[in-house]
Amino acid sequence: MSSPDLPDPRIAFFNQHAANWDTENPPIDQTLRRLEGLRSLLAIEPGQELMEVGCGTGMVTGWLAERVWPGRVTAVDFSPQMLEQARSRGVAADFRDWDVCTADIGQEAYDVILCLNAFPHFRDQVAALANFRRALRDSGRLIVMHLDSWKAINDFHAHAGGAVQHDMLPEPSAWPELLKGVGLEQSTCVDEPDLFYILARPE
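Residues numbered from 1 in each chain as written. Predicted model: local features only at pLDDT ≥ 70, side-chain atom pairs only at ≥ 80, totals over all residues. Heavy atoms only, no water.

A. Fine view of the nonpolar core. Within the largest apolar cluster, 31 residues are counted, with the highest numbers of intra-cluster contacts made by Ile113, Phe122, Phe132 and Leu142. Listed by contribution, the elements that provide at least two residues to this core are β1 (49–53), β4 (110–116), α7 (125–135), β5 (136–146), α9 (175–180) and β7 (195–202). The biggest single contributor to this core is α7, with five residues. What Leu142 contacts, discounting residues up to four positions off in sequence, is Ile113, Cys115, Leu129, Phe132, Leu136, Leu179, Leu184, Ile198, Leu199 and Ala200. In terms of nonpolar packing, the next biggest core, distinct from the first, is built from 29 residues, Met59, Val60, Phe95 and Met145 among them. (Core = buried A, V, L, I, M, F, W, Y, C linked by side-chain atoms within 4.5 Å. Buried < 20%, exposed > 50% of the residue type's maximum accessible area, 1.4 Å probe, protein only. Helix = DSSP H or I, 4+ residues; strand = E, 2+ residues; numbered from the N terminus. Contact = heavy atoms within 4.5 Å.)

B. Fine view of the environment of Tyr197. If you trace the backbone, Tyr197 turns up in strand β7. Excluding residues that lie within four positions of it along the chain, Tyr197 makes contacts with Leu41, Ile143, Val144, Met145, Thr188, Cys189 and Val190.

C. Representation of the pairing of strand β2 (residues 72–77) in the model. Within β2, five of the six residues are buried, which leaves the element mostly enclosed by the surrounding structure. For β1 and β2, the ladder comprises five bridges, and the chain directions are parallel. In the strand pairing of β2, Val53 is matched with Val76. Viewed along the sheet, the connection from β1 through helix α5 (residues 61–68) into β2 turns out right-handed. Alignment of β2 against strand β3 (residues 94–97), held across four bridges, turns out to be parallel. Bridge pairing in β3 places Ala75 opposite Phe95. (Pairing = 2+ DSSP bridges. Right-handed = clockwise from strand over helix to strand, strands pointing away.)

D. Representation of the sheet that holds β2 in the model. Taken together, the seven strands give an open sheet; going across it, the order is β3-β2-β1-β4-β5-β7-β6, and neighbouring strands pair in mixed fashion. Two strands in the sheet have a free side with no partner beyond their single neighbour: β3 and β6 (184–192). This sheet shows a mean twist of 15 degrees between the axes of neighbouring strands, independent of strand direction. One ladder, built from six bridges, connects β4 with β5; its direction is parallel. Note that in β5 the partner of Leu114 across the bridge is Ile143. Lying on the sheet, α5 is in contact with β1, β2, β3 and β4; it crosses β2 at an angle near 155 degrees. (Axes fitted to C-alpha atoms, helices over the stretch in contact; angles between N-to-C directions.)

E. Here's a closer look at the packing of aromatic side chains. On inspection of all chains with the given rule, the structure shows seven aromatic pairs. An angle of 45 degrees between the planes, with centres 6.0 Å apart, marks the rings of Phe14 and Phe78 as tilted. Pair noted here: Phe14 is in helix α1 (residues 9–17) and Phe78 is in the loop between β2 and α6 (80–87), with a separation of 64 residues, a long-range link. The same class applies to Phe14 as to Phe78, namely buried. Where Phe119 meets Phe122, the ring centres are 5.2 Å apart and the plane angle is 70 degrees; that geometry is what we call edge-to-face. Owing to a relative accessible area of 0%, Phe119 belongs among the buried residues under this scheme. Taken together, Phe119, Phe122, Phe132, Trp175 and Phe196 form an aromatic cluster joined through their ring pairs. (Phe/Tyr/Trp six-rings, centres within 6.5 Å; stacked < 30°, edge-to-face > 60°.)

By themselves, these figures tell us nothing about what the structure is for.
What follows is the structure in structure tokens.
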């Protein structure tokens, strides 16, 4: 874990991969088809204020923006090069260069905070969750989602090496206590071969 007073080494890692990120990952169309199939879990609706945490190159930002319009997506990443790629798509979203472990991301501003394929990369996961709780409206929801299982995600990072080698997703049994410590309550946990999903709400 890096010190909160020092630059996060993951930023350089993701900056380096930004130019080729879209080709190094599953095709965008494939990812969007998966998300369409998971719309009942996401429960994203028109008029919502949604924060997309770890937006990367904006592969799904446009899809999210279409579904919450006339609401708004605030798309967040700590990698300037990733954000440059995301902005180039011309999506109607607010892009912010934020480290969600330390940045002031607002208070009671969002209906939904979505961490898609991002949570393991927070250098202080408890601080990030506490920040999300402050930013969620009392009726809001936090969604942590990966399109793979908990074990597969952690195995992938363990073998990736470099700055993300130790970036781990907490095991399913750890989430209730982790969330309760910051004033959130777990509503749903799914850990299947092709999906990890946590839904939490303010207590």
